[in-house]
Amino acid sequence: KILILDFGSQVTQLIARRVRDAGVFSEVYPYDVSDEFIRNYGAAGVILSGGQNSVTEGDTPRVPQAVFALGVPVFGICYGMQAMAEQLGGKVEMGKVREFGYAEVRARGHTALLSDISDFVTSDGHGMLKVWMSHGDKVDQMPPGFKLMASTTNCPIAGMADEERRFYGVQFHPEVTHTDQGEAILKRFVVDICGCTPDWNMPDYIAEAVASIRKQVGSDEVILGLSGGVDSSVAAALIHRAIGDQLTCVFVDHGLLRLDEGNMVMEMFAENLGVKVIRVDATDQFMGHLAGVTDPEAKRKIIGREFVEVFQVESGKLKNAKWLAQGTIYPDVIESAGKGKKGATIKSHHNVGGLPETLNLKLLEPLRELFKDEVRKLGVALGLPHAMVYRHPFPGPGLGVRILGEVKKEFADLLRRADAIFIDELRNTKDESGESWYDKTSQAFAVFLPVKSVGVMGDGRTYEYVVALRAVQTQDFMTAHWAHLPYELLGRVSNRIINEVRGINRVVYDISGKPPATIEWE
Ligand code: XMP
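Given the structure is predicted, the values throughout are model-derived calculations rather than measurements.

Here we come to the overall build of the chain. Within the chain, the secondary structure is distributed over 16 helices and 21 strands. Projected onto the principal axes, the alpha-carbon positions of the chain cover approximately 90 × 60 × 40 Å. Taking as baseline every contact in the chain between residues at least 6 positions apart, the subset at least 24 positions apart corresponds to 74%.

The following block contains the structure:
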């Protein structure tokens with residue numbers, strides 16, 4: 001296994017992720033673990049992450065000396081390389097210019113780490129790598145025993161190697177996807193240089209996660225807020241696999257769920273998997289508090305508050321629960337670490353993750369280190385249905401932010417049916433390659449507009465509500481394009497909604513990008 005020491009970079013988990021992708025088990029620990037921990041860990045190799053500090057200043061993180069005495073390969077990335085250089089007798093210079101973004105690195109000499117890995121070869125025969133850089137300081141003088149491994153115009157020592165001791169350092173970031181050969185370089189390190197067998201896979205992951213959950217909670221009871229979303233569902237399935245009936249899930253139906261969602265969640269978890277699930281129908285409570293409220297932020301706050309309220313009452317009944325399990329995944333961890341630093345509140349997000357400390361429960365977050373696509377693979381491996389695991393995201397406040405203005409049960413009922421028709425058609429309409437439009441879009445849903453317009457049906461005049469369709473394509477939900485759905489598909493959806501949902505006589509399609517629009521309408 002590989003030990004990754006974290007020096008505070010935002011992308012440290014990406015290193016772990018690439019190592020996992022290479023089929024090797026790794027764990028991330030803070031840089032200041034004890035020498036004893038390092039000696040007993042049994043690492044086949046150590047990777048030192050990047051970080052925001054400057055080694056030229058005192059009191060900044062250093063690599064535990066034991067790492068260099070282990071006799072195993074060590075790979076320093078960015079700050080990790082600088083710390084290594086400084087501690088082994090080289091020199092690091094405070095940067096005058098920051099280098100940020102794309103760079104081309106020239107591989108120098110022949111090193112076990114980079115040989116035969118390149119994006120292109122120059123006319124004079126040098127392998128070149130397209131990489132992503134982000135640093136201020138740079139190594140000015142290599143420590144004794146090191147030779148030059150890579151360089152750029154701005155950064156003459158962009159990589160260094162002591163092949164005798166198998167110590168390597170690079171200034172660029174092999175863990176980010178912008179470094180095209182990054183995965184190949186990390187794989188080279190962990191498999192070829194450290195000698196790890198690339199046979200670690202999802203079943204192994206499950207076995208390890210199960211063992212670690214059992215160890216963590218012992219014979220305690222655990223509660224989990226199940227929302228029906230991917231993350232809480234996968235967390236529930238994993239924890240149930242580990243501790244069975246010691247887990248109780250609380251599923252709060254706020255009356256703002258999608259069509260038939262409550263029944264589907266119960267069927268999948270309670271019936272198929274045998275998980276203990278308490279279903280709370282709190283529709284009246286939510287609707288009561290939302291009556292007369294039109295301001296989007298006020299609505300969000302009410303839904304968030306009531307959710308906590310209901311959850312607290314239910315969990316209070318479980319006297320023996322000591323743990324609160326959450327489906328926090330790694331992007332949530334980064335997002336909340338960055339909170340409060342900058343930016344206005346565009347929307348106050350609410351999800352099941354936002355439960356209060358007053359519950360007095362210890363936190364169990366078994367998905368904390370995983371990225372979304374890994375969570376999905378884990379879900380499939382745990383036996384959750386593919387369609388569930390690859391479902392579009394659904395916001396915590398549910399239809400509450402898709403019914404503009406005041407929320408009424410009557411509106412929610414209309415919207416649910418219109419939305420189900422839209423999703424049904426997206427799932428059933430495939431492109432030339434056989435991929436459905438549901439899978440080709442990142443998120444798609446209907447929005448209820450509380451305005452009436454005039455229509456004609458048969459011989460009669462109608463005066464009914466409008467539904468807007470929204471479908472977007474995006475990688476990260478921070479920016480998004482509206483999806484260019486085929487006209488025939490849109491036509492079918494519109495026909496079906498108007499014919500099948502009495503109360504809706506007009507359907508429009510939202511063609512706004514994000515920014516300036518957001519994905520949800522409120
Ligand atoms: P916006 O509307 O901000 O949405 O472009 C970006 C993504 O976030 C989802 N979203 C939420 N998710 N709680 C959530 O868990 C919320 O309060 C919330 N509000 C928006 C939205 O569905 C989209 O995927």
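More follows now that the structure is in view.
It is worth spelling out the UniProt feature "active site" (unreviewed entry) in the chain at this point. Within this structure's numbering, the places UniProt gives as "active site" (unreviewed entry) are Cys78, His173 and Glu175. Of the residues just listed, which span 98 residues, no C-alpha pair is farther apart than 11.0 Å, and they cluster in one region. Here Cys78 is to be found in the loop between strand S4 (74-77) and helix H4 (79-87). If near-sequence neighbours (up to four positions away) are discounted, Cys78 is found in contact with Gly50, His135, Gln171 and His173. Mapped onto the secondary structure, Glu175 falls in the loop between strand S12 (167-170) and helix H5 (182-193). Since 27 C-beta atoms lie within 10 Å of it, Glu175 is described here as buried. Beyond its immediate chain neighbours, meaning those up to four positions away, Glu175 contacts Val11, Leu14, Ile15, Arg18, Ile77, Gly182 and Leu186.

Attention now moves to the sheet that holds S4. Taken together, ten strands build an open sheet; the order of strands is S2-S1-S3-S4-S12-S11-S10-S6-S8-S7 and the sheet is mixed. Where the open sheet ends on each side, the last strands, each with one partner, are strand S2 (26-30) and strand S7 (120-121). Examined bridge by bridge, S4 and S12 share four bridges and lie parallel to one another. Counted as the bridge partner of Phe75 is Tyr168 from S12. Running over the sheet, helix H1 (residues 12-21) touches strand S1 (2-6), S2 and strand S3 (45-48) and is turned about 160° from S2.

Within strand S14 (residues 247-253), seven of the seven residues are buried, which leaves the element mostly enclosed by the surrounding structure. Residue alternation in S14 divides its side chains into two sets, Leu247, Cys249, Phe251 and Asp253 and Thr248, Val250 and Val252, and both sets are buried. Bridge count between strand S13 (residues 221-225) and S14: four bridges; the pairing is parallel. Residue pairing across strands places Ile223 opposite Thr248, the latter belonging to S14. What joins S13 to S14 is helix H7 (residues 230-243), and the crossover it makes is right-handed. Taken together, the six bridges between S14 and strand S15 (residues 276-281) define a ladder with parallel strand orientation. For Phe251, the partnering residue across the bridge sits in S15 and is Arg279.

To continue, consider the domain arrangement of the chain. Under the domain assignment, the chain is made up of domain 1 (2-193), domain 2 (202-389) and domain 3 (402-509). One C-alpha centre belongs to domain 2, the other to domain 3; they are set 28 Å apart. A per-class count over the side of domain 2 that touches domain 3 returns five nonpolar, four polar and two charged.

A few words now on the environment of Ala150. Inspection of the secondary structure assignment puts Ala150 in strand S10 (residues 147-151). Residue classification places Ala150 among the buried residues on the basis of 27 C-beta atoms within 10 Å. Sequence spacing of Ala150 and Leu414 is 264 residues, and the spatial spacing of their C-alpha atoms is 62 Å. Dropping the residues within four chain positions of it, Ala150 is found in contact with Val105, Arg106, Ala107, Arg108, Leu114, Ala158, Gly159 and Val170.

We now examine H5. Under the 1.5 Å per step criterion, the end-to-end length of H5 is 15 Å for twelve residues, consistent within 8% with the ideal 16 Å. Where H5 is concerned, the buried positions are Gly182, Ile185, Leu186, Lys187, Arg188, Phe189, Val190 and Ile193. Elements in contact with the buried residues of H5: S1, H1, S3, S4 and S12. The first or second residue beyond H5 is Gly195, which carries a positive phi of 80°.

In the segment running from Lys514 into Pro515, the intervening peptide bond is cis, with an omega of -15°. Residue placement: Pro515 occurs in the segment after strand S21 (504-509). Phi angles above zero are rare outside glycine, and Asp260 is one such case at about 65°. Summarising the element assignment, Asp260 is placed in the loop between S14 and helix H8 (261-273). The backbone of Phe477 sits at a positive phi, close to 70°, despite the residue not being glycine. Looking at the element boundaries, Phe477 is found in the loop between strand S19 (460-473) and strand S20 (481-482).

So, on to the packing of helix H14 (residues 409-428) against helix H16 (residues 487-500). Two elements in contact, H14 and H16, have axes whose closest approach is 9 Å; the angle formed by their N-to-C orientations is 150°. Compared by their axis directions, H14 and H16 come out roughly antiparallel. The two elements H14 and H16 meet at a crossing, and its hand is right-handed. Where H14 abuts H16, its residues Ala418, Ile421, Phe422 and Glu425 lie against Leu489, Arg492, Val493, Arg496, Ile497 and Glu500.

Moving on to the packing of helix H6 (residues 202-217) against helix H12 (residues 372-381). Where H6 contacts H12, the two axes come as close as 10 Å, and the packing angle between them is 85°. Here H6 lies roughly perpendicular to H12, going by the angle between them. Contacts from Met202, Pro203, Tyr205 and Ile206 of H6 reach H12 at Lys377, Leu378 and Ala381. Split into classes, the residues belonging to the contact of H6 with H12 amount to six nonpolar, no polar and one charged.

Pairing in this open sheet of five strands is parallel, and the strands run S15-S14-S13-S16-S17 from one edge to the other. Edge strands, defined here as strands with exactly one partner in the open sheet, are S15 and strand S17 (362-364). Strand-to-strand, the axes of this sheet are offset by a mean angle of 30°, without reference to chain direction. Its contacts with the sheet put helix H10 (residues 296-317) on S13, S14, S15 and strand S16 (321-325), and the angle it makes with S14 is roughly 145°.

Cut-offs used in this document
- Residues numbered from 1 in each chain as written.
- Predicted model: local features only at pLDDT ≥ 70, side-chain atom pairs only at ≥ 80, totals over all residues.
- Helix = DSSP H or I, 4+ residues; strand = E, 2+ residues; numbered from the N terminus.
- Contact = placed C-beta atoms within 7 Å.
- UniProt positions renumbered as here; feature names shortened; annotations may be inferred.
- Buried ≥ 20, exposed ≤ 12 C-beta atoms within 10 Å, placed from the backbone.
- Pairing = 2+ DSSP bridges.
- Axes fitted to C-alpha atoms, helices over the stretch in contact; angles between N-to-C directions.
- Right-handed = clockwise from strand over helix to strand, strands pointing away.
- Domains from an automatic or database assignment.
- Nonpolar A, V, L, I, M, F, W, Y, C, P; charged D, E, K, R; others polar.
- Expected span 1.5 Å × (residues − 1).
- Parallel < 35°, antiparallel > 145°, perpendicular 65-115°, else oblique.
- Left-handed = near helix turned anticlockwise from the far one by under 90°.

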